[in-house]
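Summary of the model geometry
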Amino acid sequence: MSRERARRRAVREAEQARQRAVRQRQVARRQRRRAVVRRLTPQLRRGRSGRLPRHSRGERAAIVLLTGAALILIWTFVDNLALRVALMVLLLLVLPAIVVIALDRRT
């Protein structure tokens, strides 16, 4: 009787070991698949990173368009080339302060 129980227990343990191995292979395959998916999907950045995300797309467009308009006006209404270049450089140097004043936030 005890030999029969030992044999059944050995069969049961062998079956459990086989099921455990199958489960471990499935878990490993699932983890590899998730790792591949994580590598392939783009990461979304949360919060502020870099310079551009601090302003919305509309604010950036307004900054660029108004700066371009100011440069065109300088180029159109100022005759002296040296004065044109000086005013354009001055505009580009003062632009961060103008953005802070106009949008009431730091660049």
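In the block above lies the structure referred to throughout.
Note that this is a predicted model, so its numbers are computed, not measured.

Remarks on the overall build of the chain
Looking only at helices and strands, the chain features three helices and zero strands. Ordered by position from N to C terminus, the α and β elements of the chain give α-α-α. Counting only residues that meet the buried cut, the chain has 7% of its 107 residues in that class. Residue pairs at least 24 apart in sequence account for 37% of intrachain contacts in the chain once pairs closer than 6 positions are excluded.

Digging into the pattern of salt bridges
Using the criterion set out here, one finds three salt bridges in the structure. In this structure, E4 engages R8 in a salt bridge whose closest nitrogen and oxygen atoms are separated by 3.7 Å. Highlighted residues: E4 and R8, both in helix α1 (residues 2–40), separated by four residues, approximately one helical turn. Residue classification places E4 among the partly exposed residues on the basis of a relative accessible area of 33%. Where salt bridges share partners, they join E4, R7 and R8 into one cluster.

Describing the packing of aromatic side chains
Across all of its chains, the model carries zero aromatic pairs by this definition. Across from the ring centre of W75, 4.3 Å away, lies the NZ or CZ of R84, which sits over that ring.

What about a nonpolar patch on the surface?
There is a patch of nonpolar side chains on the surface, built from W75, L81, V85, V89, L90, L93, V94 and I98 and spanning about 730 Å² of accessible area. Tallying contributions element by element places helix α3 (residues 81–103) first for the nonpolar patch, with seven residues. Its relative accessible area of 41% is what places V85 among the partly exposed residues.

Re the side chain of R84
With respect to the helices and strands, the residue R84 is situated in helix α3. Of note is the side chain of R84, whose polar atom sits 2.6 Å from the backbone oxygen of V78.

A few points about helix α2 (residues 57–77)
A rise of 1.5 Å per residue sets the reference length of α2, with its 21 residues, at 30 Å; its end C-alpha atoms lie 30 Å apart and thus fit the reference within 8%. Within α2, the full set of buried residues consists of E59, T67 and I74. Buried positions in α2, seen along its axis, are confined to an arc of 65 degrees and lie on one side of it. Seen from the open side of α2, the exposed residues pointing more than 90 degrees away from its buried face are R57, V64, L65 and I72.

Quick look at the packing of α2 against α3
For the pair α2 and α3, interaxial distance at closest approach is 10 Å and the crossing angle is 155 degrees. Comparing the axis directions of α2 and α3 gives the class roughly antiparallel. Crossing angle aside, the handedness with which α2 passes α3 is right-handed. Contacts between α2 and α3 involve E59, I63, T67, A70, L71, I74 and W75 on the former and, on the latter, L81, R84, L87, M88, L91, L92, L95, V99 and L103. In terms of residue class, the contact of α2 with α3 is built from 13 nonpolar, one polar and two charged.

The rules behind the values
- Residues numbered from 1 in each chain as written.
- Predicted model: local features only at pLDDT ≥ 70, side-chain atom pairs only at ≥ 80, totals over all residues.
- Heavy atoms only, no water.
- Helix = DSSP H or I, 4+ residues; strand = E, 2+ residues; numbered from the N terminus.
- Buried < 20%, exposed > 50% of the residue type's maximum accessible area, 1.4 Å probe, protein only.
- Contact = heavy atoms within 4.5 Å.
- Salt bridge = Lys/Arg side-chain N within 4 Å of Asp/Glu carboxyl O.
- Phe/Tyr/Trp six-rings, centres within 6.5 Å; stacked < 30°, edge-to-face > 60°.
- Lys NZ or Arg CZ within 6 Å of the ring centre and 35° of its normal.
- Patch = residues over 30% accessible without salt bridge, like charges linked within 9 Å, V, L, I, M, F, W, Y side chains within 5 Å.
- Areas by Shrake-Rupley, 256 points an atom, 1.4 Å probe, with all protein chains shown as cover.
- Polar contact = N/O pair within 3.5 Å; in protein donor to acceptor, adjacent residues only side chain to side chain.
- Expected span 1.5 Å × (residues − 1).
- Arc of directions from axis to C-beta.
- Axes fitted to C-alpha atoms, helices over the stretch in contact; angles between N-to-C directions.
- Parallel < 35°, antiparallel > 145°, perpendicular 65-115°, else oblique.
- Left-handed = near helix turned anticlockwise from the far one by under 90°.
- Nonpolar A, V, L, I, M, F, W, Y, C, P; charged D, E, K, R; others polar.

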